[in-house]
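Observations on the model geometry
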Amino acid sequence: MFRVMAKKPQVTWGGRFSGNPSELMVRFGESVSFDQRLAPFDVRGSKAHTAMLCHVGLLTAEERDAIESGLDAILQEIESGAFQWDESLEDVHMNIEQALSGKVAVASKLHTGRSRNDQVATDMRLFFKSACAELDDAINNLLAALVEKADEHGAVTVPGYTHLRRAQPVSLAYQWLAYAEMFSRDGERFRSVAEHANFCPLGSGALAGSTLPLDREFTARELGFVDKEGHPQLTRNSLDAVADRDLFLEFATACAICGTHFSRMAEDLILWSTEEFGFLALPEAFTTGSSLMPQKKNPDSLELIRGKAARLQGNAQTLFTLMKGLPMTYNRDLQEDKPPVFDSLDQTMISLQVLTGVVTGLMVNATACKAASADPQMLATDLADYLVKRNVPFREAHHVVGKLVAMAEKTGIPLNELTHAQASQAHPQIGPDWHKVFHLETAMKNREKPGMPGPDQIRQEIARWRQRLATE
Ligand code: ARG
(Lines give C-alpha, C1' and ligand atoms only; values in the text may rest on other atoms or scores of the structure.)
Protein backbone atom coordinates (compact mmCIF):
# COMPACT_ATOMS: atom_id res chain seq x y z
CA MET A 1 0.00 0.00 0.00
CA PHE A 2 2.79 2.40 0.87
CA ARG A 3 5.63 2.72 -1.55
CA VAL A 4 9.00 2.02 -0.01
CA MET A 5 12.08 3.99 -0.90
CA ALA A 6 13.65 2.62 -4.04
CA LYS A 7 17.12 3.75 -3.02
CA LYS A 8 19.87 1.66 -1.51
CA PRO A 9 19.26 0.47 2.06
CA GLN A 10 19.70 3.04 4.82
CA VAL A 11 23.47 3.04 5.17
CA THR A 12 23.79 4.48 8.65
CA TRP A 13 21.38 2.24 10.53
CA GLY A 14 20.09 -0.17 7.85
CA GLY A 15 22.00 -3.27 9.01
CA ARG A 16 19.19 -4.91 10.98
CA PHE A 17 16.50 -4.07 8.38
CA SER A 18 15.58 -6.15 5.36
CA GLY A 19 13.68 -3.34 3.61
CA ASN A 20 13.53 0.43 3.38
CA PRO A 21 11.13 2.80 5.13
CA SER A 22 8.05 3.91 3.21
CA GLU A 23 8.31 7.13 1.26
CA LEU A 24 5.71 8.58 3.56
CA MET A 25 7.84 7.76 6.61
CA VAL A 26 10.87 9.34 4.99
CA ARG A 27 8.96 12.52 4.26
CA PHE A 28 7.45 12.48 7.73
CA GLY A 29 10.67 11.80 9.57
CA GLU A 30 13.09 14.07 7.78
CA SER A 31 14.47 17.11 9.55
CA VAL A 32 17.10 18.10 7.03
CA SER A 33 14.75 20.69 5.55
CA PHE A 34 15.20 22.74 8.72
CA ASP A 35 18.24 21.38 10.56
CA GLN A 36 20.57 21.97 7.59
CA ARG A 37 21.26 25.36 9.13
CA LEU A 38 23.19 23.50 11.80
CA ALA A 39 25.79 22.45 9.21
CA PRO A 40 28.55 24.86 10.34
CA PHE A 41 28.17 23.68 13.94
CA ASP A 42 27.93 20.04 12.90
CA VAL A 43 31.16 20.30 10.94
CA ARG A 44 32.91 22.04 13.82
CA GLY A 45 31.74 19.31 16.19
CA SER A 46 32.83 16.56 13.81
CA LYS A 47 36.25 18.11 13.31
CA ALA A 48 36.81 18.40 17.07
CA HIS A 49 35.65 14.81 17.54
CA THR A 50 38.03 13.69 14.77
CA ALA A 51 40.95 15.53 16.37
CA MET A 52 40.13 13.86 19.68
CA LEU A 53 39.94 10.39 18.09
CA CYS A 54 43.41 10.97 16.68
CA HIS A 55 44.68 12.33 19.99
CA VAL A 56 43.66 9.08 21.75
CA GLY A 57 45.02 6.85 19.00
CA LEU A 58 41.76 5.77 17.37
CA LEU A 59 42.68 7.56 14.13
CA THR A 60 46.06 8.15 12.50
CA ALA A 61 47.15 11.68 11.73
CA GLU A 62 46.59 10.98 8.01
CA GLU A 63 43.08 9.70 8.64
CA ARG A 64 42.31 12.75 10.76
CA ASP A 65 43.60 15.12 8.12
CA ALA A 66 41.65 13.38 5.38
CA ILE A 67 38.41 13.55 7.36
CA GLU A 68 38.97 17.17 8.36
CA SER A 69 39.68 18.38 4.85
CA GLY A 70 36.73 16.35 3.55
CA LEU A 71 34.49 18.08 6.11
CA ASP A 72 35.87 21.50 5.13
CA ALA A 73 35.13 20.78 1.48
CA ILE A 74 31.57 19.71 2.32
CA LEU A 75 30.95 22.87 4.33
CA GLN A 76 32.19 24.91 1.40
CA GLU A 77 29.77 23.12 -0.91
CA ILE A 78 26.96 23.75 1.56
CA GLU A 79 27.81 27.41 1.84
CA SER A 80 28.03 27.84 -1.93
CA GLY A 81 24.64 26.15 -2.36
CA ALA A 82 26.09 23.30 -4.45
CA PHE A 83 25.46 20.62 -1.83
CA GLN A 84 22.72 18.11 -2.65
CA TRP A 85 20.61 17.54 0.45
CA ASP A 86 18.83 14.19 0.52
CA GLU A 87 15.74 13.81 2.69
CA SER A 88 16.08 10.02 2.72
CA LEU A 89 19.16 10.63 4.88
CA GLU A 90 16.89 12.18 7.52
CA ASP A 91 18.96 14.96 8.97
CA VAL A 92 21.94 17.26 8.63
CA HIS A 93 24.19 14.84 10.52
CA MET A 94 23.64 11.88 8.20
CA ASN A 95 23.73 14.01 5.09
CA ILE A 96 27.15 15.30 5.97
CA GLU A 97 28.44 11.91 7.04
CA GLN A 98 27.24 10.30 3.81
CA ALA A 99 28.73 13.07 1.71
CA LEU A 100 32.01 12.49 3.51
CA SER A 101 31.94 8.79 2.71
CA GLY A 102 31.72 9.72 -0.96
CA LYS A 103 34.94 11.70 -0.61
CA VAL A 104 37.11 10.06 2.03
CA ALA A 105 37.82 6.35 2.43
CA VAL A 106 38.05 6.48 6.24
CA ALA A 107 34.79 8.46 6.62
CA SER A 108 33.25 5.39 8.25
CA LYS A 109 35.49 5.97 11.28
CA LEU A 110 34.13 9.45 11.99
CA HIS A 111 31.15 8.27 14.05
CA THR A 112 33.38 6.24 16.40
CA GLY A 113 32.24 6.66 20.02
CA ARG A 114 29.51 9.10 19.00
CA SER A 115 25.76 9.04 18.56
CA ARG A 116 23.51 11.50 16.84
CA ASN A 117 22.10 12.08 20.31
CA ASP A 118 25.25 13.67 21.71
CA GLN A 119 26.01 15.11 18.27
CA VAL A 120 22.77 17.05 18.02
CA ALA A 121 23.07 18.16 21.66
CA THR A 122 26.53 19.53 20.85
CA ASP A 123 25.43 21.22 17.64
CA MET A 124 22.63 22.96 19.47
CA ARG A 125 24.85 24.14 22.31
CA LEU A 126 27.18 25.68 19.72
CA PHE A 127 24.15 27.16 17.98
CA PHE A 128 22.87 28.73 21.22
CA LYS A 129 26.24 30.28 22.03
CA SER A 130 26.38 31.86 18.59
CA ALA A 131 22.69 32.90 18.53
CA CYS A 132 22.95 34.56 21.95
CA ALA A 133 26.05 36.50 20.90
CA GLU A 134 24.27 37.70 17.74
CA LEU A 135 21.20 38.79 19.67
CA ASP A 136 23.32 40.50 22.29
CA ASP A 137 24.99 42.51 19.50
CA ALA A 138 21.62 43.41 17.96
CA ILE A 139 20.40 44.54 21.38
CA ASN A 140 23.50 46.69 21.79
CA ASN A 141 22.71 48.39 18.48
CA LEU A 142 19.21 49.15 19.71
CA LEU A 143 20.62 50.43 23.01
CA ALA A 144 23.04 52.69 21.13
CA ALA A 145 20.17 54.09 19.04
CA LEU A 146 18.14 54.77 22.19
CA VAL A 147 21.05 56.51 23.90
CA GLU A 148 21.61 58.72 20.83
CA LYS A 149 17.93 59.68 20.85
CA ALA A 150 18.13 60.40 24.57
CA ASP A 151 21.01 62.77 23.89
CA GLU A 152 19.23 64.40 20.97
CA HIS A 153 16.04 65.00 22.98
CA GLY A 154 17.69 65.94 26.26
CA ALA A 155 15.56 69.01 26.89
CA VAL A 156 12.18 67.86 25.56
CA THR A 157 9.64 67.00 28.24
CA VAL A 158 6.69 64.67 27.86
CA PRO A 159 4.01 63.48 30.23
CA GLY A 160 4.89 60.28 32.04
CA TYR A 161 1.83 58.02 32.11
CA THR A 162 0.24 55.59 34.51
CA HIS A 163 -3.03 53.92 33.54
CA LEU A 164 -2.44 55.74 30.24
CA ARG A 165 -3.38 58.95 32.03
CA ARG A 166 -1.00 61.89 32.46
CA ALA A 167 0.85 61.36 35.72
CA GLN A 168 4.07 63.35 36.13
CA PRO A 169 6.33 65.11 33.64
CA VAL A 170 9.53 63.41 32.53
CA SER A 171 12.04 64.12 29.84
CA LEU A 172 11.82 62.29 26.57
CA ALA A 173 15.41 61.22 27.19
CA TYR A 174 14.25 59.53 30.37
CA GLN A 175 11.63 57.59 28.44
CA TRP A 176 14.22 56.39 25.89
CA LEU A 177 16.56 55.38 28.70
CA ALA A 178 13.74 53.42 30.33
CA TYR A 179 13.52 51.28 27.19
CA ALA A 180 17.30 50.94 27.28
CA GLU A 181 17.08 49.48 30.79
CA MET A 182 14.39 47.08 29.66
CA PHE A 183 16.35 45.82 26.66
CA SER A 184 19.63 45.62 28.53
CA ARG A 185 18.02 43.00 30.77
CA ASP A 186 17.30 41.00 27.62
CA GLY A 187 20.97 41.23 26.70
CA GLU A 188 21.88 39.92 30.15
CA ARG A 189 19.39 37.10 29.78
CA PHE A 190 20.91 36.01 26.46
CA ARG A 191 24.39 36.16 27.97
CA SER A 192 23.27 33.88 30.76
CA VAL A 193 21.71 31.41 28.31
CA ALA A 194 25.08 31.36 26.49
CA GLU A 195 26.81 30.56 29.79
CA HIS A 196 24.45 27.69 30.44
CA ALA A 197 25.12 26.41 26.94
CA ASN A 198 28.85 26.35 27.59
CA PHE A 199 29.17 22.65 28.53
CA CYS A 200 30.23 19.94 26.10
CA PRO A 201 28.00 16.86 25.77
CA LEU A 202 30.22 14.98 23.28
CA GLY A 203 31.25 11.64 24.69
CA SER A 204 27.76 11.03 26.10
CA GLY A 205 27.09 8.69 23.17
CA ALA A 206 23.51 7.56 22.72
CA LEU A 207 22.82 7.78 26.45
CA ALA A 208 25.54 6.00 28.44
CA GLY A 209 28.91 7.11 27.14
CA SER A 210 31.29 4.74 25.39
CA THR A 211 33.74 1.92 26.14
CA LEU A 212 36.32 3.62 23.92
CA PRO A 213 39.13 5.70 25.45
CA LEU A 214 37.56 9.06 24.54
CA ASP A 215 39.13 12.27 25.90
CA ARG A 216 36.15 14.46 26.63
CA GLU A 217 38.23 17.34 27.98
CA PHE A 218 40.14 17.46 24.71
CA THR A 219 36.95 17.77 22.64
CA ALA A 220 35.50 20.38 24.98
CA ARG A 221 38.65 22.48 24.70
CA GLU A 222 38.69 22.16 20.90
CA LEU A 223 35.12 23.47 20.75
CA GLY A 224 35.61 26.31 23.21
CA PHE A 225 33.44 24.80 25.93
CA VAL A 226 35.77 26.29 28.55
CA ASP A 227 35.44 28.54 31.59
CA LYS A 228 37.18 31.90 32.02
CA GLU A 229 40.43 30.20 32.99
CA GLY A 230 40.28 27.96 29.93
CA HIS A 231 39.28 24.81 31.84
CA PRO A 232 37.04 22.47 29.86
CA GLN A 233 33.42 22.28 30.95
CA LEU A 234 31.62 18.95 30.47
CA THR A 235 28.07 17.78 31.00
CA ARG A 236 28.18 15.45 34.01
CA ASN A 237 25.66 12.72 33.21
CA SER A 238 25.11 11.23 29.78
CA LEU A 239 21.46 10.34 30.37
CA ASP A 240 20.75 13.97 31.22
CA ALA A 241 23.06 15.34 28.53
CA VAL A 242 21.12 13.74 25.66
CA ALA A 243 17.69 14.30 27.24
CA ASP A 244 18.17 17.89 28.41
CA ARG A 245 16.45 20.63 26.43
CA ASP A 246 16.48 23.31 29.13
CA LEU A 247 18.46 25.62 26.87
CA PHE A 248 15.69 25.47 24.30
CA LEU A 249 13.18 26.52 26.92
CA GLU A 250 15.47 29.23 28.29
CA PHE A 251 16.34 30.61 24.87
CA ALA A 252 12.75 30.66 23.64
CA THR A 253 11.64 32.20 26.92
CA ALA A 254 14.33 34.87 26.69
CA CYS A 255 13.12 35.62 23.15
CA ALA A 256 9.50 35.73 24.35
CA ILE A 257 10.41 38.19 27.13
CA CYS A 258 12.38 40.30 24.67
CA GLY A 259 9.38 40.14 22.33
CA THR A 260 7.10 41.27 25.11
CA HIS A 261 9.42 44.22 25.66
CA PHE A 262 9.53 45.28 22.07
CA SER A 263 5.77 44.89 21.75
CA ARG A 264 5.32 47.30 24.67
CA MET A 265 7.64 49.85 23.17
CA ALA A 266 5.98 49.39 19.77
CA GLU A 267 2.61 50.11 21.34
CA ASP A 268 3.95 53.35 22.90
CA LEU A 269 5.39 54.47 19.59
CA ILE A 270 2.19 53.63 17.72
CA LEU A 271 0.20 55.64 20.23
CA TRP A 272 2.61 58.56 20.37
CA SER A 273 2.63 58.84 16.59
CA THR A 274 -1.17 59.01 16.26
CA GLU A 275 -2.82 62.23 15.14
CA GLU A 276 -4.31 62.40 18.65
CA PHE A 277 -0.95 62.37 20.46
CA GLY A 278 1.31 63.68 17.72
CA PHE A 279 4.50 63.49 19.81
CA LEU A 280 6.38 61.60 17.11
CA ALA A 281 6.52 61.04 13.39
CA LEU A 282 7.66 57.59 12.31
CA PRO A 283 10.28 57.30 9.56
CA GLU A 284 8.75 56.71 6.13
CA ALA A 285 11.12 53.81 5.60
CA PHE A 286 9.26 51.87 8.28
CA THR A 287 5.68 52.86 7.50
CA THR A 288 3.34 51.86 4.70
CA GLY A 289 0.44 53.40 2.84
CA SER A 290 -3.13 52.27 2.34
CA SER A 291 -4.31 50.78 -0.94
CA LEU A 292 -7.52 52.77 -0.61
CA MET A 293 -6.96 55.86 1.53
CA PRO A 294 -4.30 58.10 -0.01
CA GLN A 295 -3.57 60.03 3.18
CA LYS A 296 -2.62 57.03 5.34
CA LYS A 297 0.85 56.45 6.77
CA ASN A 298 0.49 53.31 8.81
CA PRO A 299 2.85 52.05 11.51
CA ASP A 300 2.95 48.50 10.06
CA SER A 301 6.51 47.86 11.22
CA LEU A 302 5.54 48.42 14.84
CA GLU A 303 2.28 46.51 14.51
CA LEU A 304 4.19 43.55 13.10
CA ILE A 305 6.66 43.79 15.95
CA ARG A 306 3.74 43.73 18.38
CA GLY A 307 2.39 40.71 16.52
CA LYS A 308 5.72 38.87 16.55
CA ALA A 309 5.61 38.89 20.33
CA ALA A 310 2.64 36.51 20.16
CA ARG A 311 4.56 34.18 17.89
CA LEU A 312 7.57 34.21 20.22
CA GLN A 313 5.39 33.33 23.19
CA GLY A 314 3.85 30.55 21.10
CA ASN A 315 7.28 29.11 20.33
CA ALA A 316 8.17 28.99 24.02
CA GLN A 317 4.83 27.36 24.76
CA THR A 318 5.38 24.76 22.01
CA LEU A 319 8.65 23.77 23.63
CA PHE A 320 7.20 23.52 27.13
CA THR A 321 4.44 21.29 25.80
CA LEU A 322 6.96 19.20 23.86
CA MET A 323 9.04 18.57 26.98
CA LYS A 324 6.29 17.99 29.50
CA GLY A 325 6.11 14.38 30.65
CA LEU A 326 8.73 13.21 28.13
CA PRO A 327 10.50 10.12 29.51
CA MET A 328 14.27 9.85 29.80
CA THR A 329 16.27 10.10 27.61
CA TYR A 330 16.24 10.87 23.89
CA ASN A 331 12.88 10.50 22.18
CA ARG A 332 12.24 11.34 18.58
CA ASP A 333 9.72 13.96 19.67
CA LEU A 334 12.82 16.02 20.35
CA GLN A 335 13.36 16.55 16.65
CA GLU A 336 10.46 18.99 16.90
CA ASP A 337 12.54 21.14 19.27
CA LYS A 338 14.39 22.97 16.50
CA PRO A 339 11.80 24.80 14.36
CA PRO A 340 10.46 26.92 17.25
CA VAL A 341 13.98 27.79 18.38
CA PHE A 342 15.14 28.79 14.89
CA ASP A 343 11.99 30.81 14.40
CA SER A 344 12.50 32.56 17.74
CA LEU A 345 16.00 33.56 16.77
CA ASP A 346 14.96 34.80 13.32
CA GLN A 347 11.92 36.74 14.48
CA THR A 348 13.65 38.28 17.49
CA MET A 349 16.59 39.31 15.36
CA ILE A 350 14.61 40.94 12.58
CA SER A 351 12.30 42.66 15.06
CA LEU A 352 15.28 44.12 16.92
CA GLN A 353 16.73 45.38 13.65
CA VAL A 354 13.43 46.96 12.59
CA LEU A 355 12.93 48.57 15.98
CA THR A 356 16.46 49.99 15.80
CA GLY A 357 15.62 51.44 12.37
CA VAL A 358 12.40 52.99 13.67
CA VAL A 359 14.13 54.53 16.70
CA THR A 360 16.98 55.91 14.61
CA GLY A 361 14.63 57.52 12.09
CA LEU A 362 11.84 58.84 14.26
CA MET A 363 11.23 62.58 14.45
CA VAL A 364 10.01 64.34 17.56
CA ASN A 365 7.38 67.05 17.53
CA ALA A 366 8.81 69.11 20.38
CA THR A 367 5.90 71.59 20.30
CA ALA A 368 3.31 68.84 20.86
CA CYS A 369 5.45 67.32 23.64
CA LYS A 370 5.85 70.71 25.27
CA ALA A 371 2.14 71.47 25.11
CA ALA A 372 1.23 68.11 26.67
CA SER A 373 3.77 68.38 29.44
CA ALA A 374 2.71 71.94 30.31
CA ASP A 375 -0.41 70.49 31.94
CA PRO A 376 -0.06 71.91 35.49
CA GLN A 377 -2.02 69.03 37.04
CA MET A 378 0.99 66.80 36.50
CA LEU A 379 2.76 68.85 39.18
CA ALA A 380 -0.01 68.36 41.74
CA THR A 381 2.25 65.93 43.59
CA ASP A 382 4.98 68.57 43.69
CA LEU A 383 2.49 70.88 45.36
CA ALA A 384 1.76 68.21 47.97
CA ASP A 385 5.53 67.85 48.48
CA TYR A 386 5.72 71.65 48.92
CA LEU A 387 3.30 71.33 51.82
CA VAL A 388 5.20 68.37 53.26
CA LYS A 389 8.32 70.54 53.31
CA ARG A 390 6.23 72.95 55.40
CA ASN A 391 5.56 70.19 57.88
CA VAL A 392 2.08 69.24 56.65
CA PRO A 393 1.54 65.44 56.91
CA PHE A 394 1.48 63.92 53.41
CA ARG A 395 -2.03 62.51 53.61
CA GLU A 396 -3.36 65.91 54.59
CA ALA A 397 -1.33 67.59 51.84
CA HIS A 398 -2.66 65.09 49.30
CA HIS A 399 -6.22 65.87 50.35
CA VAL A 400 -5.71 69.64 50.20
CA VAL A 401 -4.20 69.50 46.72
CA GLY A 402 -7.02 67.20 45.64
CA LYS A 403 -9.47 69.88 46.71
CA LEU A 404 -7.58 72.50 44.70
CA VAL A 405 -7.59 70.25 41.62
CA ALA A 406 -11.36 69.83 42.01
CA MET A 407 -11.76 73.60 42.36
CA ALA A 408 -9.67 74.17 39.22
CA GLU A 409 -11.76 71.70 37.28
CA LYS A 410 -15.03 73.12 38.54
CA THR A 411 -14.14 76.73 37.77
CA GLY A 412 -12.37 75.88 34.53
CA ILE A 413 -9.27 77.73 35.72
CA PRO A 414 -5.97 75.86 35.30
CA LEU A 415 -4.58 74.65 38.64
CA ASN A 416 -1.56 76.96 38.49
CA GLU A 417 -3.73 79.99 37.73
CA LEU A 418 -5.87 79.85 40.86
CA THR A 419 -5.23 82.92 42.97
CA HIS A 420 -3.09 82.78 46.06
CA ALA A 421 -6.19 83.70 48.05
CA GLN A 422 -8.07 80.69 46.68
CA ALA A 423 -5.13 78.39 47.31
CA SER A 424 -4.31 79.55 50.82
CA GLN A 425 -7.94 79.11 51.74
CA ALA A 426 -7.44 75.41 51.12
CA HIS A 427 -4.46 75.39 53.51
CA PRO A 428 -2.77 78.20 55.46
CA GLN A 429 0.67 76.74 54.71
CA ILE A 430 0.25 77.56 51.02
CA GLY A 431 2.41 80.67 50.83
CA PRO A 432 2.64 83.38 48.17
CA ASP A 433 5.52 81.45 46.50
CA TRP A 434 3.30 78.44 45.74
CA HIS A 435 3.17 79.16 41.98
CA LYS A 436 6.87 78.40 41.68
CA VAL A 437 5.98 74.74 42.07
CA PHE A 438 4.60 74.83 38.53
CA HIS A 439 7.84 75.88 36.92
CA LEU A 440 8.56 72.78 34.84
CA GLU A 441 12.31 73.22 34.52
CA THR A 442 12.70 73.63 38.29
CA ALA A 443 10.41 70.67 38.85
CA MET A 444 12.72 68.52 36.73
CA LYS A 445 15.81 69.87 38.50
CA ASN A 446 14.24 68.88 41.82
CA ARG A 447 14.61 65.23 40.82
CA GLU A 448 18.30 64.63 40.99
CA LYS A 449 18.61 61.44 43.04
CA PRO A 450 19.87 58.23 41.37
CA GLY A 451 17.30 56.74 39.03
CA MET A 452 15.31 59.99 38.78
CA PRO A 453 14.69 62.15 35.69
CA GLY A 454 16.69 65.24 36.75
CA PRO A 455 18.77 66.64 33.86
CA ASP A 456 22.10 65.94 35.59
CA GLN A 457 21.03 62.38 36.22
CA ILE A 458 20.15 61.99 32.55
CA ARG A 459 23.51 63.41 31.47
CA GLN A 460 25.31 60.98 33.77
CA GLU A 461 23.23 58.07 32.54
CA ILE A 462 23.92 58.92 28.90
CA ALA A 463 27.65 59.02 29.68
CA ARG A 464 27.43 55.73 31.56
CA TRP A 465 25.58 54.04 28.69
CA ARG A 466 28.04 55.35 26.11
CA GLN A 467 30.96 54.04 28.10
CA ARG A 468 29.28 50.68 28.59
CA LEU A 469 28.43 50.30 24.93
CA ALA A 470 31.92 51.35 23.84
CA THR A 471 33.50 48.59 25.90
CA GLU A 472 31.16 45.82 24.74
N1 ARG B 1 17.44 14.56 13.72
C2 ARG B 1 17.48 14.07 15.07
C3 ARG B 1 16.94 15.16 16.00
O4 ARG B 1 16.98 16.26 15.63
C5 ARG B 1 18.89 13.76 15.48
C6 ARG B 1 18.97 12.76 16.55
C7 ARG B 1 18.52 11.43 16.06
N8 ARG B 1 18.69 10.43 17.07
C9 ARG B 1 18.00 9.28 16.98
N10 ARG B 1 18.21 8.45 17.96
N11 ARG B 1 17.15 9.03 16.05
O12 ARG B 1 16.46 14.87 17.07
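Provided above is the structure to which this section pertains.
Remember, it's a predicted structure, so these values are computed and weren't measured experimentally.

Topic: the pairing of strand β1 (residues 157–162)
With six bridges joining them, β1 and strand β2 (residues 165–171) adopt antiparallel strand pairing. Bridging across to β2, T157 finds its partner in S171.

Brief notes about the environment of D215
The residue D215 is located in the loop between α7 (172–197) and α8 (216–222) in this model. Other than its neighbours up to four places away in sequence, D215 contacts M52, H55 and V56. Engagement of the side chain of D215 in a polar contact is seen with the backbone nitrogen of E217, the distance being 3.2 Å.

Section: helix α14 (residues 380–389)
For the α-helix, the turn length of 3.6 residues means that residues three or four positions removed from each other point alike. All buried positions along α14 are accounted for by A380, D382, L383, A384, Y386 and L387. As for α14, its buried residues are in contact with β2, α15 (394–411) and α17 (440–445).

Some words on the environment of Y179
Inspection of the secondary structure assignment puts Y179 in helix α7. For the pair Y179 and L146, spaced 33 residues apart in sequence, the C-alpha to C-alpha distance is 7.7 Å. Filtering out sequence-adjacent residues up to four positions away, Y179 remains in contact with L146, M265 and D268. Within the structure, the side chain of Y179 is placed 2.5 Å from the side chain of D268, a separation counted as a polar contact.

Digging into the environment of V43
Relative to the assigned elements, V43 resides in helix α3 (residues 39–55). A relative accessible area of 2% means that V43 is categorised as buried. Along the primary structure V43 and I96 are separated by 53 residues, whereas in three dimensions their C-alpha atoms are 8.1 Å apart. Look past the residues within four positions of V43 in its chain and what remains in contact with it is L71, L75 and I96.

A few points about the nonpolar core
The biggest cluster of nonpolar side chains holds 104 residues, and the ones touching the most others in it are F127, W176, F183, F251 and M265. The greatest single-element share of this core, amounting to 16 residues, is contributed by helix α10 (residues 246–272). Not counting residues within four places of it along the chain, the set of residues in contact with F127 comprises R37, L38, F41, V341, F342 and L345. Within the second largest apolar cluster, 21 residues are counted, among which are L383, V392, V401 and V437.

Section: the site of the ligand
The ligand sits among S31, D91, H93, R116, N117, Y330, Q335 and K338. In this structure, a nitrogen atom belonging to the ligand sits 3.4 Å away from a side-chain N or O atom of S31. Contact between the ligand and D91: a nitrogen atom at 2.9 Å from a side-chain N or O atom of the residue. Isolated, the ligand exposes 350 Å² of accessible area, and the fraction of that covered by the protein chains is 87%. Residues belonging to the shell around the ligand are distributed by class as follows: one nonpolar, four polar and three charged.

Here we look at the packing of aromatic side chains
Under the defined criterion, the tally for this structure stands at 14 aromatic pairs. When the ring of Y161 is compared with that of F277, the centres are 5.8 Å apart and the planes differ by 55°; the resulting orientation is tilted. Here F277 lies in the loop between α10 and β3 (280–281) and Y161 lies in strand β1, a separation of 116 residues in the sequence. Judged by relative accessible area, Y161 falls into the partly exposed class, the value being 24%. Ring pairing ties together the aromatic residues F41, F127, F128, F190, F248, F251 and F342, which thus form one cluster. The ring of F342 carries the charged tip of R37 above its face, separated from the ring centre by 4.6 Å. Here R464 stacks its cationic end above the ring of W465, 5.1 Å away from the centre of that ring.

Focus on the side chain of S46
Note on placement: S46 falls in helix α3. For S46, a relative accessible area of 1% corresponds to the buried category. Among the polar contacts listed, one links the side chain of S46 to the side chain of R114, at a separation of 2.9 Å. In this structure S46 touches L71, L110, R114 and Q119, once residues within four positions along its chain are discounted.

Notes on unusual backbone geometry
Cis geometry marks the peptide bond from M328 to T329, where omega comes out at -5°. One non-glycine residue, E90, lies in the positive phi region at around 65°. Note that E90 resides in the loop between α4 (61–80) and α5 (92–101). For E90, a relative accessible area of 11% corresponds to the buried category. A positive phi angle is found at H163, which is not glycine, with a value near 55°. With respect to the helices and strands, the residue H163 is situated in the loop between β1 and β2.

The rules behind each value
Residues numbered from 1 in each chain as written. Predicted model: local features only at pLDDT ≥ 70, side-chain atom pairs only at ≥ 80, totals over all residues. Heavy atoms only, no water. Pairing = 2+ DSSP bridges. Helix = DSSP H or I, 4+ residues; strand = E, 2+ residues; numbered from the N terminus. Contact = heavy atoms within 4.5 Å. Polar contact = N/O pair within 3.5 Å; in protein donor to acceptor, adjacent residues only side chain to side chain. Buried < 20%, exposed > 50% of the residue type's maximum accessible area, 1.4 Å probe, protein only. Core = buried A, V, L, I, M, F, W, Y, C linked by side-chain atoms within 4.5 Å. Near = heavy atom within 4 Å. Areas by Shrake-Rupley, 256 points an atom, 1.4 Å probe, with all protein chains shown as cover. Nonpolar A, V, L, I, M, F, W, Y, C, P; charged D, E, K, R; others polar. Phe/Tyr/Trp six-rings, centres within 6.5 Å; stacked < 30°, edge-to-face > 60°. Lys NZ or Arg CZ within 6 Å of the ring centre and 35° of its normal.

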